[in-house]
Amino acid sequence: MPQLLDPNFEKSVVLMIEHAPTGSMGLVINHQAPLTLTELAKNQALTVAPSRRNDALYIGGPVEQFKGFVLHDSDGVEEKTEVLPGLYLSVTGTALSRLLADPTAHLRFCLGYSGWGPGQVEREIGAGSWLFTEATAERVLRAPTQGLWNEVLSGMGVNPGWLVTTGGVN
C-alpha cells in the first residue's frame, strides 16, 4: 500500500515463500537491480544462454542482499522446492548454473529477501499496509515487471488511483 513508507517496499509485489508462526519470508519480484544476468555470471564464472544475456536481476528484499534466490519453472533441476504448482525455488550454485545455461527455462533471479518476525505480517495487514492475493507461476515468471504492481491491483479489482498515501479523515 502507498502508506507503507519503507522504500524497500514502494510499489512492491512480494511473493510470500514461507509464512509460519516463527516468521515469514518473501521475495520482491518487480524491483529490478542495476545488474544483468550476464554481469552476475561473469563474476561467478558461469555460462549464460545467449537468449537471456540481457535479463535483469531483481532485488528480492533488504535482507542478505548478496544471497541469490532463483524462481523458475524447470523440472530438470534437482535441487528445488516447489512454491506453487509449476513454480520452484532454487538457491544453489549448481542449480543457478544449469538454469542460466538453459534457454527454455523461465526464471527470475532475486538478490536478497524480505523477512518478517513472528506475527509481523499479520500486524501489518491489520494496519492496512499490505493487500494480498493468490499468486500464479505465470505471473511470477512471465509477466513484465514494469507495471506489475498496477496489474496485480487491477486483477484484484482495485484501482491504484483509489489508494491514498496517508491515513483517512478523522
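Conventions used here
- Residues numbered from 1 in each chain as written.
- Predicted model: local features only at pLDDT ≥ 70, side-chain atom pairs only at ≥ 80, totals over all residues.
- Heavy atoms only, no water.
- Helix = DSSP H or I, 4+ residues; strand = E, 2+ residues; numbered from the N terminus.
- Rg over C-alpha atoms; globule rule 2.2 N^0.38 Å.
- Buried < 20%, exposed > 50% of the residue type's maximum accessible area, 1.4 Å probe, protein only.
- Contact = heavy atoms within 4.5 Å.
- Areas by Shrake-Rupley, 256 points an atom, 1.4 Å probe, with all protein chains shown as cover.
- Lys, Arg positive; Asp, Glu negative; His and termini not counted.
- Charge placed at Lys NZ, Arg CZ, Asp CG, Glu CD.
- Salt bridge = Lys/Arg side-chain N within 4 Å of Asp/Glu carboxyl O.
- Core = buried A, V, L, I, M, F, W, Y, C linked by side-chain atoms within 4.5 Å.
- Arc of directions from axis to C-beta.
- Polar contact = N/O pair within 3.5 Å; in protein donor to acceptor, adjacent residues only side chain to side chain.

Colleague: Explain the overall build of the chain to me, please; I cannot follow it from the model alone.
Modeller: When helices and strands are tallied, the chain shows 5 helices and 8 strands. Its C-alpha atoms give the chain a radius of gyration of 17 Å, within 12% of the compact-globule value 15 Å for 170 residues. Its C-alpha atoms give the chain principal-axis dimensions of about 60 × 35 × 30 Å. Counting every position in the chain, which comprises 170 residues, the buried fraction comes to 39%. When contacts within the chain are restricted to residue pairs at least 6 apart in sequence, those whose partners lie at least 24 apart make up 64%. Here the chain displays about 9700 Å² of accessible surface, and carbon together with sulfur accounts for 53% of that area. Across the chain, the 11 positively charged side chains and the 17 negatively charged ones have centroids separated by 6 Å.

Colleague: Honestly, the environment of S97 in this entry has me stumped. Any pointers?
Modeller: Structurally, S97 is set in helix α2 (residues 93–101). For S97, a relative accessible area of 29% corresponds to the partly exposed category. On a C-alpha basis, the gap between S97 and A41 in space is 8.6 Å, while along the polypeptide they are 56 residues apart. If near-sequence neighbours (up to four positions away) are discounted, S97 is found in contact with L46 and T47.

Colleague: Would you mind showing me how to read the pattern of salt bridges here?
Modeller: For side chains of opposite charge, pairing can occur when their charged atoms come near one another. Applying the stated criterion across every chain yields a total of 4 salt bridges. Between E138 and R142 there is a salt bridge, and its shortest N-O distance comes to 2.8 Å. Within this pair, E138 and its partner R142 are both found in helix α4 (residues 137–142), separated by 4 residues, close to a single helical turn. Its relative accessible area of 47% is what places E138 among the partly exposed residues. Judged by relative accessible area, R142 falls into the partly exposed class, the value being 39%. When the shortest N-O distance is used, the salt bridge between E151 and R139 registers 3.2 Å.

Colleague: Just checking my understanding: could you explain the nonpolar core for this structure?
Modeller: Most often, soluble globular proteins have nonpolar side chains that are buried together. Counting residues in each nonpolar core, the largest one holds 24 residues, and the members touching the most others are L15, L27, I29, F69, L71, L87 and V140. At the level of elements, β2 (23–28), β4 (56–59), β5 (63–72), β7 (87–90), β8 (107–116), α4 and α5 (148–155) are the ones that each hand at least two residues to this core. Of the residues forming this core, the biggest block, 4 residues, is contributed by α5. Excluding residues within four positions of it along the chain, V140 makes contact with L15, I29, L71, L87, R108 and A135.

Colleague: Would you take a moment to explain α5 for this structure?
Modeller: Each turn of an α-helix holds 3.6 residues, which means side chains three or four residues apart point in the same direction. All of the buried residues along α5 are L148, W149, V152 and L153. End-on view of α5: buried residues confined to an arc of 135°, all on one side of the axis. Where α5 is buried, its residues meet α4. One or two steps after α5, the chain reaches G157, where phi turns positive at roughly 85°.

Colleague: Please explain the environment of E10 as it appears in this structure.
Modeller: One can find E10 in the segment before β1 (14–20). On the basis of relative accessible area, E10 is assigned to the exposed category, the value being 53%. C-alpha of E10 to C-alpha of H31: the two residues are 21 residues apart in sequence and 9.3 Å apart in space.

Colleague: How should I be thinking about the side chain of S74 in this particular structure?
Modeller: Take S74: it is sitting in the loop between β5 and β6 (81–84). Within the structure, the side chain of S74 is placed 3.3 Å from the backbone nitrogen of G76, a separation counted as a polar contact.

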